[in-house]
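# Tertiary structure, described
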Amino acid sequence: RIFELTGVPEAPTFGEAYEIAKYVSGITGVRPAFLLAILQQESAIGKNVGQCYLKNIATGEGIRINTGQKLSRVMSPKRDIPPFLIITKDLGRDSLLTQVSCPMSFGWGGAMGPAQFIPSTWILYKDRLGGIVGKTADPWNIKDAFLAAGLYLSDYGAKSKTKDGEWKAAMIYFSGSTTNSVFYWYANNVLKIADGFEKDIEIIEKNR
């Protein structure tokens, strides 16, 4: 159920996702239920996740994959296209035929993979991730995406495993700030989802 909206063909079951989250928790200290809640929220935010292609590296224009509809703001040409070209080249991907998120009603699209990292953020974690996984980290690879999200959330306070620390990390993950009340709903929803996932995890552990 975690990736039902992302279009990832190798989407894991909840149990499989939990196993990856436990692996990430061992490295980052982030609570598995909280990490899973972030990724669940990221999938549910936009049903268009991964449904656009960048088509113009100068302007950031692209298309909606299913319809061919031309869209502006698919990717920020100054902030994200340069690192996106590096990321796709290193992975042997065609940058103009690689799925990214479509723009919402505000801002730019261009987020990559299950964890919805924008290229300019992923590039900051690229070497760190590669040192852990022993290869070029891939934002479209589920395990790499989980790990990237875990490292980011840990860096911004989620490793504390406190409600306050997790709430602030969720806010930064989504909006880059903890002070914009417009986005409080996101962090509040994440903590609510995490509570539900904690109960699911208790059931999994009890039945091992």
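Only a predicted model underlies this, so the values are computations on that prediction, with no experimental measurement involved. (Residues numbered from 1 in each chain as written. Predicted model: local features only at pLDDT ≥ 70, side-chain atom pairs only at ≥ 80, totals over all residues. Heavy atoms only, no water.)

### Quick word on the overall build of the protein
To be explicit about the condition: For the purposes of this entry, the term helix denotes a DSSP run of H or I that reaches at least four residues, the term strand denotes a run of E that reaches at least two, and both are numbered from the N terminus. The globule rule used here is 2.2 Å times the number of residues to the 0.38 power, and the radius of gyration it is set against is calculated over C-alpha atoms. When accessible area is computed with a 1.4 Å probe and restricted to protein chains, residues below 20% of their type maximum are described as buried, those above 50% as exposed, and intermediate ones as partly exposed. Contact between two residues is taken to exist if any of their heavy atoms lie within 4.5 Å; hydrogens are not considered. Calculation of accessible area relied on Shrake-Rupley with a 1.4 Å probe; when residues are assessed, cover is drawn exclusively from the protein chains displayed. As used throughout, the charge tally considers Lys and Arg to be positive and Asp and Glu to be negative, leaving His and the chain termini uncounted. The atom standing in for a charge is NZ when the residue is Lys, CZ when it is Arg, CG when it is Asp and CD when it is Glu.
Assigned secondary structure in the protein consists of seven helices and three strands. Starting at the N terminus, the α and β elements of the protein follow one another as α-α-β-β-β-α-α-α-α-α. Against the globule reference of 17 Å for 208 residues, the protein gives a C-alpha radius of gyration of 17 Å, in line with a compact fold. Taking the principal axes of the C-alpha coordinates as reference, the protein spans close to 50 × 40 × 30 Å. Among the 208 residues that make up the protein, the fraction classed as buried is 50%. By sequence separation, contacts in the protein at least 24 residues apart represent 61% of the contacts at least 6 residues apart. Total accessible area on the protein stands at roughly 9,900 Å², and carbon and sulfur atoms take up 52% of it. Within the protein, one finds 24 positive and 20 negative side-chain charges whose respective centroids are separated by 4 Å.

### Looking at the sheet that holds strand β2 (residues 62-64)
Quick note on the threshold: Pairs of strands are assigned from DSSP output, requiring at least two bridges between the strands.
Across the sheet, three strands lie side by side as β1-β2-β3; this open sheet has antiparallel pairing. In the strand order of this sheet, the two ends are held by β1 (52-54) and β3 (70-71), each with one partner. In this structure, β1 lies alongside β2, joined through three bridges in antiparallel fashion. When the bridges of β2 are listed, Leu54 appears paired with Gly62.

### Quick word on the packing of helix α1 (residues 14-28) against helix α7 (residues 184-206)
Applicable threshold: Simply put, an axis is a line fit to the C-alpha atoms, just over the touching stretch for a helix, and the angle between two N-to-C directions goes from 0 to 180 degrees. By the definition adopted for this analysis, an angle is roughly parallel if under 35 degrees, roughly antiparallel if over 145, roughly perpendicular if from 65 to 115, and oblique otherwise. Just so you know the grouping, Ala, Val, Leu, Ile, Met, Phe, Trp, Tyr, Cys and Pro go in nonpolar, Asp, Glu, Lys and Arg go in charged, and all remaining residues, Gly too, go in polar.
At a closest axis distance of 11 Å, the pairing of α1 and α7 adopts a crossing angle of 95°. Here α7 runs roughly perpendicular to α1, going by the angle between their axes. Residues Phe14, Gly15, Tyr18 and Lys22 of α1 pack against Phe197, Asp200, Ile201, Ile204 and Glu205 of α7. Looking at the contact of α1 with α7 residue by residue, the class counts come to five nonpolar, one polar and three charged.

### Here's the deal with the side chain of Arg31
Convention followed: Distance and chemistry together define a polar contact, namely a pair of N or O atoms within 3.5 Å, with one atom able to donate a hydrogen and the other to accept it when in protein, and with adjacent residues in sequence counting only for side-chain atoms on both sides.
With respect to the helices and strands, the residue Arg31 is situated in the loop between α1 and α2 (32-45). Residue Arg31 is classed as buried on the basis of its relative accessible area, which comes to 18%. Within polar-contact distance, the side chain of Arg31 engages the side chain of Glu166 at 2.8 Å.

### A short note on the nonpolar core
Note the threshold: We call a set of buried Ala, Val, Leu, Ile, Met, Phe, Trp, Tyr and Cys residues a nonpolar core when their side-chain atoms join them within 4.5 Å.
Counting 56 residues, the largest nonpolar core has Phe34, Leu35, Leu36, Phe117, Phe146, Leu153 and Tyr173 as the members making the most contacts within it. When contributions to this core are tallied by element, the ones reaching two or more residues are α1, α2, β1, α3 (81-90), α4 (119-133), α5 (142-155), α6 (163-175) and α7. Element by element, the count of residues in this core is highest for α5, at nine residues. What Leu153 contacts, discounting residues up to four positions off in sequence, is Val30, Phe34, Leu35, Ile38, Ala158, Lys159, Ala169, Ala170 and Tyr173.

### Quick notes on the environment of Gly62
Locating Gly62 in the fold gives a position in strand β2. Measuring from C-alpha to C-alpha, the distance between Gly62 and Arg31 comes to 37 Å, with 31 residues separating the pair along the chain. Residues within four places of Gly62 in sequence aside, it is in contact with Tyr53, Leu54, Lys55, Gln69, Lys70, Leu71 and Val74.

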